[in-house]
Amino acid sequence: MELIYKSTRNSEETATASLAILKGLANEGGLFVPDSIPAFDVSLEDLAKMDYREVAYNVMKLMLTDFTEEELRHCINSAYDDKFDTKEIAPLVKKAGAYYLELFHGSTIAFKDMALSILPYLLTTSAKKNNVENEIVILTATSGDTGKAALAGFADVPGTKIIVFYPKNGVSPIQEKQMVTQKGDNTFVVGITGNFDDAQTGVKKMFSDVELNDYLATKGYQFSSANSINIGRLVPQMVYYVYAYTRLVASGDIKAGDKINVVVPTGNFGNILAAYYAKAMGLPINKFICASNENKVLFDFFATGNYDRNREFILTTSPSMDILISSNLERLIYRIAGNDAAKNKELMTALNSQGEYTITDEMKAELKDFFGGYASEAETAETIKKVYESDGYIMDTHTAVAANVYDKYVAETGDKTPTVIASTASPYKFTRSVMNSIDAAYDKQTDFELVDELNRLSGVKVPQAIEDIRTAPVRHNTVCDKDAMLDEVKKFLGV
Ligand SMILES: *Cc1c(COP(=O)(O)O)cnc(C)c1O
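The following paragraphs examine the structure supplied in this document. Given the structure is predicted, the values throughout are model-derived calculations rather than measurements.

## Section: the nonpolar core
And step 1. Among the nonpolar cores identified, the biggest contains 115 residues, and Tyr5, Met60, Leu64, Tyr241, Phe269, Ile333 and Tyr357 are the most heavily contacted of them.
And step 2. Look past the residues within four positions of Met60 in its chain and what remains in contact with it is Leu72, Ile76, Ile118, Leu122, Val235, Pro236 and Val239.

## Digging into the packing of helix H7 (residues 145–154) against helix H8 (residues 173–180)
Helices that pack against each other are described as a pair by the angle of their axes relative to one another and the distance between those axes.
And step 1. Two elements in contact, H7 and H8, have axes separated by 9 Å at closest approach and are oriented at 25°. Compared by their axis directions, H7 and H8 come out roughly parallel. Taken as a pair, H7 and H8 cross one another with a handedness that is left-handed. Of the residues in H8, those in contact with Asp145, Gly147, Lys148 and Leu151 of H7 are Gln175, Gln178 and Met179.
And step 2. For the contact of H7 with H8, a count of residues per class yields 2 nonpolar, 3 polar and 2 charged.

## Focus: empty space enclosed by the protein
And step 1. By the definition in use, this model includes 5 cavities of 30 Å³ or more.
And step 2. Estimated volume of the largest cavity: approximately 260 Å³.
And step 3. Phe111, Lys112, Gly267, Asn268 and Ser320 are, among the 26 residues lining the largest cavity, the residues nearest its centre.
And step 4. Within the residue set of the lining of the largest cavity, elements represented by two or more residues are H7, helix H11 (231–250), strand S10 (260–265) and helix H12 (270–281).
And step 5. Ranked by residues supplied to the lining of the largest cavity, first place goes to H12 with 3 residues.
And step 6. Tallied by class, the residues present in the lining of the largest cavity amount to 10 nonpolar, 13 polar and 3 charged.

## Comments concerning the layout of surface pockets
To find leftover empty space, one rolls a probe the size of a water molecule over the atoms.
And step 1. The volume enclosed by the largest pocket comes to roughly 930 Å³.
And step 2. Along its surface, the largest pocket is lined by 42 residues, and Ser107, Ile109, Gln464, Ala465 and Asp468 are the ones closest to its centre.
And step 3. Elements that contribute at least two residues to the lining of the largest pocket include exactly H7 and helix H21 (464–471).
And step 4. Sorting elements by how many residues they give to the lining of the largest pocket places H21 first, with 4 residues.
And step 5. Residues belonging to the lining of the largest pocket are distributed by class as follows: 18 nonpolar, 13 polar and 11 charged.

## Looking at the pairing of strand S4 (residues 92–95)
And step 1. Bridging between S4 and strand S5 (residues 98–102) involves 4 bridges; their strand directions are antiparallel. What sits directly across from Lys95, in S5, is Ala98.

## What to know about the site of the ligand
And step 1. Neighbouring the ligand are 15 residues; Lys112, Asp145, Gly267, Asn268 and Thr424 lie closest to it.
And step 2. Gly267 is positioned such that a nitrogen or oxygen atom in its backbone is 2.8 Å from an oxygen atom of the ligand.
And step 3. Thr424 is positioned such that a nitrogen or oxygen atom in its side chain is 2.8 Å from a nitrogen atom of the ligand.
And step 4. Computed on the free molecule, the ligand has an accessible area of 390 Å², of which 98% lies beneath the protein chains in the complex.

## Concerning helix H3 (residues 52–63)
And step 1. Compared with the 16 Å implied by 1.5 Å per residue over 12 residues, the 17 Å span of H3 between its first and last C-alpha is a close match.
And step 2. The buried count for H3 comes to 9 of 12 residues, which makes it a mostly enclosed element.
And step 3. All of the buried residues in H3 are Tyr52, Val55, Ala56, Tyr57, Asn58, Val59, Met60, Leu62 and Met63.

## Things to note about the sheet that holds strand S9 (residues 221–225)
And step 1. The strand order S9-S6-S7-S8-S16 describes an open sheet built from 5 strands, whose pairing is parallel. Among the strands making up the open sheet, the edge pair consists of S9 and strand S16 (478–481). On average, adjacent strands in this sheet sit at an angle of 30° to one another, irrespective of strand direction.
And step 2. Against the sheet, H7 makes contact with strand S6 (135–141), strand S7 (160–167) and strand S8 (187–193), and its axis sits at roughly 165° relative to S7, the strand it touches most.

## Let's talk about unusual backbone geometry
And step 1. Positive phi, close to 60°, is recorded for Asp156, a residue that is not glycine.
And step 2. On the basis of relative accessible area, Asp156 is assigned to the exposed category, the value being 56%.
And step 3. Positive phi, normally seen in glycine, also occurs at Phe269, with a value near 75°.
And step 4. Mapping Phe269 onto the fold places it in the loop between S10 and H12.

Definitions and cut-offs
Residues numbered from 1 in each chain as written. Predicted model: local features only at pLDDT ≥ 70, side-chain atom pairs only at ≥ 80, totals over all residues. Heavy atoms only, no water. Core = buried A, V, L, I, M, F, W, Y, C linked by side-chain atoms within 4.5 Å. Buried < 20%, exposed > 50% of the residue type's maximum accessible area, 1.4 Å probe, protein only. Contact = heavy atoms within 4.5 Å. Axes fitted to C-alpha atoms, helices over the stretch in contact; angles between N-to-C directions. Helix = DSSP H or I, 4+ residues; strand = E, 2+ residues; numbered from the N terminus. Parallel < 35°, antiparallel > 145°, perpendicular 65-115°, else oblique. Left-handed = near helix turned anticlockwise from the far one by under 90°. Nonpolar A, V, L, I, M, F, W, Y, C, P; charged D, E, K, R; others polar. 1 Å grid on protein atoms, 1.4 Å probe; cavity = no way out; pocket = protein on both sides within 12 Å on 5 of 7 lines; lining within 4 Å. Points joined across faces, edges and corners; volume = space filled by probe spheres on them. Pairing = 2+ DSSP bridges. Near = heavy atom within 4 Å. Polar contact = N/O pair within 3.5 Å; in protein donor to acceptor, adjacent residues only side chain to side chain. Areas by Shrake-Rupley, 256 points an atom, 1.4 Å probe, with all protein chains shown as cover. Expected span 1.5 Å × (residues − 1).

Note that every value here comes from positions in space, so none of it alone points to a role or purpose.
Structure representation (structure tokens):
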């Protein structure tokens, strides 16, 4: 049976999976959501016997029903190969009372690789299926990690161009170096004088500009998105939760059917939403523990039912979570509103105009499986140091936010359910913040001295992604005002 996607803002707007992937965003700023989520058609025990690719196929085929088996297997096999530094793709590591699901073994060493290594294949397949002849222009806003992962995924992919906007002063030095050294004639990287929300708002504006889109079509271009607003990002992210669960079944740590908790360091709410969708598919998840840094909009939302972005934007040591408008929360709001597009649109309009909205008590009751927590900068650093000293395991700052919130959750609830923590980046990507957490004296050293010291302390091999940028020349140095993003797009496309 064909699964249909609908806009969260207009129940009349529908799309097949491939069309939803191609468009990225629905009209009027809506997001595509699956009309229903199909249940697994193989048992958890059987999934436990499969490797990552096979699990991926069995999850994704249920969500992308207009892809043929051959098309989908081609996408999966092309994505999850030796670009990852381990055959397991996403290893599960037991440390300090939890299971760390290491999602950073791809080519850019952040969890964004899990979806962005497959998105280019999903997108070009979708273009073929829908007889698209325009060149596809991937327009991306990044808080640091999506940008590089999308650039790596789309560099030199025929029929595509990719433009990435990042907050000039809002990413880590390594993140910036990774992006501005990107090769590929079809790539363009722009720093903006503004924060991530400004970049995301600017990109969404270009997507929704009907006149602009019509004009570009006359020039042979059409936009698509590599952000997690694209359903082609979310579906591949469901896979690793199923994979992690079934590894615990395979190892005998749990029995098929037992519940687990997941803890997700959250920014745009894509990663945790993928877990929520996986539960709807039949994965036994007890609690979704949503971990925020000091930009704790989501913590406040889960506590009060009021979403309020009217607050100071704080630059933290977990920059990929420095977000005040969590785009994918809209998909959850739509669902807890009873899949009611009109009701959702009303709330999103309020968010746009007043910067806040409040959900009803009835909707709030639907959030009982979520637990919101946050970690301060000091707590994040303490957590890195503590787990290093107890277990010799060095985690990155984002993962540390999650680990800290998990500690708080256990202290508050006493819940002993086995728990998977989404480990979203390699510590090498945030070396300075990580090393300063262990000892403030490290701050004197250069970025690459710190890399070598991290290698010495952790015994973990320096990833190729880091070796690559030690000497790579800068290829992108455009910086623009947040109001001039469209001009840069036009310049790059020559229109
Ligand atoms: C993007 C990112 C996050 C946040 O994920 P969302 O899906 O946006 O909630 C957390 N940690 C790291 C390292 C990231 O790159």
